[in-house]
Amino acid sequence: MHPTEITEVLNRPISRELLARDIIRFAYVATDGTPRNVPMGFTWNGTEIVMSTPTNSRKLAHLRANPAVALTIDTEAHPPKILLLRGRADLDYVDGIPDEFMKANTTYEMTEEQRVEWEKEVRSLYVDGMVRVVVTPTWAKLIDFETTLPIAVEELVKARAEREQG
């Protein structure tokens, strides 16, 4: 997919709404060849999806072996809105806690007291730093079931129209 096509998909209003959400589904392949899919907090910085994980996370060995990933951000309402992304996970080990990690968790409903306690807990847990998992999309598709559909459904719609015409 050409970068301008990816940008066009990501700049659509629905995509922008989805990229502002809290949770992304992060899929990768484990070193034993089996798929994994985990929900992760994320931020979108305009060109990259940025997630953070502990330095002892099991997914890091798998991502070093095979950095190809697929990401999904979706809604629960009908019709669902779904943003599908593919890319490569680049791993960036950092001292301390990445700003993106703190930003990814600012939309959760917390009182000021809860926020202070949460930050204290976070800072006491991640003393060995964290790893930024950075994905620049190399493919993107928005499915809103109004203007865009999954390819298989598009094919069925086309086949139905052909049947009805003749």
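Residues numbered from 1 in each chain as written. Predicted model: local features only at pLDDT ≥ 70, side-chain atom pairs only at ≥ 80, totals over all residues. Heavy atoms only, no water.

I'm lost on the overall build of the protein in this one. Help?
A tally of regular secondary structure across the protein gives six helices and seven strands. When the helices and strands of the protein are read in sequence order from the N terminus, they spell out α-α-β-β-β-β-α-β-β-α-α-β-α. Across the 166 residues that make up the protein, the buried fraction comes to 36%. Considering only intrachain contacts with a sequence separation of at least 6, the fraction spanning at least 24 residues in the protein is 67%. Element-wise, carbon and sulfur atoms account for 53% of the exposed surface of the protein, whose accessible area totals about 10,100 Å². Distance between charge centres in the protein, computed from 20 positive and 26 negative side chains, equals 5 Å. (Helix = DSSP H or I, 4+ residues; strand = E, 2+ residues; numbered from the N terminus. Buried < 20%, exposed > 50% of the residue type's maximum accessible area, 1.4 Å probe, protein only. Contact = heavy atoms within 4.5 Å. Areas by Shrake-Rupley, 256 points an atom, 1.4 Å probe, with all protein chains shown as cover. Lys, Arg positive; Asp, Glu negative; His and termini not counted. Charge placed at Lys NZ, Arg CZ, Asp CG, Glu CD.)

So what exactly am I meant to see when it comes to the pattern of salt bridges here?
Opposite charge on two side chains allows them to pair when their charged atoms are near. All told, the structure shown has eleven salt bridges when counted by the stated rule. Between Asp-32 and Arg-36 there is a salt bridge, with the nearest N and O atoms lying 4.0 Å from each other. We classify Asp-32 as exposed; its relative accessible area is 53%. Under the relative-accessibility criterion, Arg-36 is labelled partly exposed at 31%. The salt bridge partner of Arg-123 is Glu-119, with a shortest N-O separation of 3.8 Å. Of the two residues, Arg-123 and Glu-119 both sit in helix H5 (residues 112-125), four residues apart, roughly one turn of that helix. (Salt bridge = Lys/Arg side-chain N within 4 Å of Asp/Glu carboxyl O.)

Can you help me understand the packing of aromatic side chains in this one?
The description of two aromatic rings rests on the distance between their centres and on the angle between their planes. In this structure the tally under the stated criterion is three aromatic pairs. Measuring from centroid to centroid gives 6.0 Å for Phe-101 and Trp-118, while their planes differ by 20°, and the two rings are stacked. One end of the pair, Phe-101, is in helix H4 (residues 99-104); the other, Trp-118, is in helix H5, and 17 residues separate them in sequence. Judged by centre distance (5.7 Å) and plane angle (70°), the ring pair of Phe-101 and Tyr-126 falls under edge-to-face. Of this pair, Phe-101 sits in helix H4 while Tyr-126 sits in the loop between H5 and strand S7 (130-143), placing them 25 residues apart in sequence. For the residue pair Phe-101 and Tyr-126, the accessibility class agrees, reading buried in each case. Within the aromatic cluster, the residues linked to one another by ring pairs are Phe-101, Trp-118 and Tyr-126. Across from the ring centre of Trp-139, 3.8 Å away, lies the NZ or CZ of Arg-86, which sits over that ring. (Phe/Tyr/Trp six-rings, centres within 6.5 Å; stacked < 30°, edge-to-face > 60°. Lys NZ or Arg CZ within 6 Å of the ring centre and 35° of its normal.)

Would you mind showing me how to read the environment of Asp-22 here?
Checked against the element boundaries, Asp-22 lands in the loop between helix H2 (13-19) and strand S1 (23-29). Judged by its relative accessible area of 23%, Asp-22 is partly exposed. Distance from Asp-22 to Lys-158, taken between C-alpha atoms, is 36 Å for residues 136 residues apart in sequence.

Remember that the coordinates give geometry; whether it matters functionally is a separate question.
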